[in-house]
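# Notes for the structure review
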Amino acid sequence: MAGGASATDSAPDSAGGAAEGSAADVWWRTAVVYQVYPRSFADGDGDGVGDLRGILAHLDHLSALGVDVLWLSPIYPSPQEDNGYDISDYQGVDPLFGTLDELDELIAALHARGMRLVLDLVVNHTSAAHPWFAASRSSVDDPRRDWYWWRPPRPGFEAGAPGAEPTNWRSFFSGPAWTLDEQTGEYYLHLFAAGQPDLNWENPRVREAVHAMMRWWLDRGVDGFRMDVINFISKDPTLPDGRAVPGPGGSIAPDGLGDGSASFICGPRIHEFLAEMHRAVFERRGRAFLTVGEMPGVTVDEARLFTDPGRCEVDMVFQFEHVGVDHGATKWEVRPLHLPALKAIMARWQAGLADAGWNSLYWSNHDQPRVVSRFGDDRTEYRAASAKGLATVLHLHRGTPYVYQGEELGMANHPFASIEDFRDVEALSHYRTALGLGEHPSAVLAAMRAVSRDNGRTPMQWDAGPNAGFSRPDVRPWIGVNPDHVTVNAAAQRDDPSSVFTHYRRLVELRHTQPVVSLGDFTMLLADDVQVYAFTRELDGVRLLVLANWSSTDADVEVPDGVAWADAELLLASGTSTEPKGPDADGRWRGGAWDAVVLRRPSVPA
Ligand code: ISL
């Protein structure tokens, strides 16, 4: 957790204090994190799947961007049912990705460049192929039986009969969250795929085993963890049925399953478990770590508790409200973005964690469609400008920003043509379920094309050549390369002062050099405006104004206190206008499509 290293002190082994560093000296408050999804980043050994060699070969890209931390999605041995989020050995590297020696090499190489490495920690569940689960399922008397959630069939039902599952919970990947194990006649719980059984954190031995594993990684030089669905680990042990989820128009969901989340989102012992983990793993280590909890369904009030430094639980959380803003009853029912709704969510999180706690800031990750296609405009004439505008808005908020691989190039959604093009377990299960319920394949595919997680997982676009430079030209990558790589790629952007990449580089630099960016207070302006995203930041007499036209048409708005900003210093500008600028002398801001500006002035002395 938090240590005493400053942002400029990038030596990852620099001594840090305990969790309670002062607001200004906690290193990750001025840091930017870059997420690598290894199977899609760079294929070093020519098997069509990205790997550690590929990452090692591209560290210059990260250095050029100036990021401080690499968060690496899972590289552990795994059957790859959910691309590594189904782990069968917590203390190794899947041969698909390389070797433990290569991971050590990556740690050393990052540290030599002044960057830190954060690993994904997936401990809500293991793979069904993990030896713990093999033991657990072997017999009801096995000492590891209680490491997972086993239950007999629902009273009055034969094992395997329809409706015999112990609860009505639906898994996140469609279908019941329970699978029958024929050998013992009992069901095991899996909130995700059947190959991802949930660990029973009520059992202290489970917790001790996880803590020991985490310490082993820290001893190897790892600098922290991104904790997968960590707010699901404490479940109400009575496992009650969930409420039946109303479908469109209020009908009960046609599969008859329910939503069990009230029993596991921020469950009864979650704060206890995270505080215990902090004590057992991070405390008194004398160096600085970063812990970020992925927390679907977390509220601002809960997040304040999780991230209050005085409570020593986690440093920050990933909340999900803003990435659910365009969802209908499910994520597959895509709604157009209503900008005031997004602003209201962001403003609430900024205010809620202003005095205690800390925000993480993200538009994208491996579970989300590409942001330029989702919230921006990926048509050729607007793509770069909208990618930059979205980045400016996010990176000027208070919190720690996360850049997802390819986002810094303005990579867009993939033009998936048919079901054969998709790879994700979530998308494929959804397709089967939806067709089973009578939905039309073309409608199901249209939604998948817009929101499937595979959009975020197509290969990183390094250059305009075959396979976008991700894999050797003679190799077929595990998922299709976006044909737009001929124009959208890192090689074309790295030295171009007007590229999306250069814009991200500037944003990272602003965070490193302007304390008001990382630490300043946040005030949302024009909350109800459907077109312009505007806010101010303030720290020690320095004020920033951020104005972004979130649309592909011209904007003309009256900026609160706009006259005072007419002659302010322009720190950063991007967009479709030849020369985007701040408010005019009359206090109005006239911005071209996707224009975004950051202005600075000392505040008027009182
Ligand atoms: O991706 C989602 C919806 O499309 C989420 O429900 C997602 O499954 C949830 O945010 C949890 O995500 C994490 O855990 C999953 C894994 O599939 C995701 O890739 C991971 O980020 C199970 O480990």
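Scroll up to find the structure.
### Looking at helix H10 (residues 380-395)
Its 16 residues give H10 an end-to-end C-alpha distance of 23 Å, which sits within 8% of 22 Å, the value for a rise of 1.5 Å per residue. Across the 16 residues that make up H10, a large majority, 13, are buried.

### What about the sheet that holds strand E4 (residues 150-151)?
The antiparallel open sheet is built from 3 strands, whose spatial order is E4-E6-E5. The sheet terminates laterally at E4 and strand E5 (178-181), the two strands that pair on one side only. Taken together, the 2 bridges between E4 and strand E6 (residues 186-189) define a ladder with antiparallel strand orientation. Its bridge partner being in E6, Arg151 is matched across the sheet by Tyr187.

### Notes on unusual backbone geometry
With phi around 45 degrees, Asp540 is a residue other than glycine that occupies positive phi space. Here Asp540 lies in the loop between strand E15 (532-539) and strand E16 (542-549). Accessibility expressed as a relative area gives 74% for Asp540, which makes it exposed. Although it is not a glycine, Asp561 adopts a positive phi angle of roughly 60 degrees. By the secondary structure assignment, Asp561 is in the loop between strand E17 (555-558) and strand E18 (569-574). Residue classification places Asp561 among the partly exposed positions, given a relative accessible area of 47%.

### Some thoughts on helix H6 (residues 270-282)
Under the 1.5 Å per step criterion, the end-to-end length of H6 is 17 Å for 13 residues, consistent within 8% with the ideal 18 Å. Of the residues making up H6, those classed as buried are Ile270, His271, Phe273, Leu274, Ala275, Met277, His278, Val281 and Phe282. In this structure, the buried side of H6 is in contact with strand E3 (116-121), helix H5 (204-219), strand E7 (224-227), strand E10 (290-294) and helix H7 (300-307). Within two residues after H6, Arg284 carries a phi angle of roughly 55 degrees, on the positive side.

Reading the values: the criteria
Residues numbered from 1 in each chain as written. Predicted model: local features only at pLDDT ≥ 70, side-chain atom pairs only at ≥ 80, totals over all residues. Heavy atoms only, no water. Helix = DSSP H or I, 4+ residues; strand = E, 2+ residues; numbered from the N terminus. Expected span 1.5 Å × (residues − 1). Buried < 20%, exposed > 50% of the residue type's maximum accessible area, 1.4 Å probe, protein only. Pairing = 2+ DSSP bridges. Contact = heavy atoms within 4.5 Å.

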